[in-house]
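# Summary of the model geometry
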Amino acid sequence: MTAAAEGEDAIAVFNPLRPRLTRVAYRMLGSVAEAEDIVQEAFLRWLDADRDAVREPTAFLHRIVTRLCLDQLKSARRRRETYIGPWLPEPIVVAPEEEVDDVTLPLMLALERLSPLERAVFVLHDVFGVDFEEIATTIGRKPAACRQLASRARTNVRSARPRYVLPPEHGLQIASAFFTASRSGNVEELQALLADDATVYTDGGGKAVAPRKPVIGRDKVTKLFAALAPIFSAHMSRLLHYGLVNGLPGFVSIEEGSWLQTTALQIDGGRITAIYVTRNPEKLAHLEQNALH
């Protein structure tokens, strides 16, 4: 087989797996750009590998991506220790009718509390269904140890799992009501939508104007949006579209003339318990081209 033919064969095997590998890397890292870089590096290693000796390409590539992510997590954790304000994963926005897994934004934040190995085992086994024997080979541990890592991870993230699944259409109705109330500063409507312990987390990363600490409690959240309403009005806050933002109902908007922003709402019992706003432009670059054209 010629080198060109071998390359085409390698691409034919890799490309169908690329979306899954990218999802694995994103769940590990919380960064779209880093996940894409990891998968591209995995592709280069796949090209250099003795592919005739690889019996299961999916398992082989899972190992490469996971090990690269584990290395990346070490530096990522150091960066997040000095991150300005709340850190949120880069938002993935999909239409309500698209299929999504159950790794919502609160669960991704809970994954940040896990050790890199716990996170790898949880993502591979509980999210993507990889068996413990394969995971053991991937991370260099025995299957029994991987089961223990998975058990610890589940215990640590249990509270981040939704107590019940909110129908997308209901969630988007609440998102629509929240957009209207928050942009108009209607205090009564906001109060009716928010839970007593509602909290706003705004990720500006020091690159966009944003509170550097969470705003906690219905009254404080209401006051925040009432204070922002004149700014929203003066600069014509513009809704681009509603959708699921990391699995939560929310919306994408343009603020202050040209500032792209995503808002995701965690809802429990029909009330908004958390509002996650991403304003850091570096985390929105992958959305910008589609959003502004």
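This text follows the structure it describes.
Residues numbered from 1 in each chain as written. Predicted model: local features only at pLDDT ≥ 70, side-chain atom pairs only at ≥ 80, totals over all residues. Heavy atoms only, no water.

### Observations regarding the environment of N186
Inspection of the secondary structure puts N186 in the loop between α9 (168-184) and α10 (187-193). Exposure remark for N186: the relative accessible area of 29% places this residue in the partly exposed category. Measuring from C-alpha to C-alpha, the distance between N186 and A229 comes to 8.7 Å, with 43 residues separating the pair along the chain. At 3.2 Å, the side chain of N186 forms a polar contact with the backbone nitrogen of E188. (Helix = DSSP H or I, 4+ residues; strand = E, 2+ residues; numbered from the N terminus. Buried < 20%, exposed > 50% of the residue type's maximum accessible area, 1.4 Å probe, protein only. Polar contact = N/O pair within 3.5 Å; in protein donor to acceptor, adjacent residues only side chain to side chain.)

### What about the environment of A110?
When you line up the elements, A110 lands in helix α5 (residues 105-111). Between the C-alpha atom of A110 and that of A229, which follows or precedes it by 119 residues, the distance is 31 Å. Filtering out sequence-adjacent residues up to four positions away, A110 remains in contact with V157 and A160. (Contact = heavy atoms within 4.5 Å.)

### Quick notes on the packing of helix α2 (residues 18-29) against helix α3 (residues 32-48)
Interhelical geometry of α2 versus α3 gives an angle of 130° and a closest axis separation of 8 Å. Judged by the inter-axis angle, α2 sits oblique to α3. Relative to α3, α2 is oriented so that their crossing is right-handed. Across from R18, L21, T22, A25, Y26 and L29 in α2, the residues of α3 making contact are V32, E34, A35, I38, V39, Q40 and F43. Of the residues in the contact of α2 with α3, the class split is nine nonpolar, two polar and two charged. (Axes fitted to C-alpha atoms, helices over the stretch in contact; angles between N-to-C directions. Parallel < 35°, antiparallel > 145°, perpendicular 65-115°, else oblique. Left-handed = near helix turned anticlockwise from the far one by under 90°. Nonpolar A, V, L, I, M, F, W, Y, C, P; charged D, E, K, R; others polar.)

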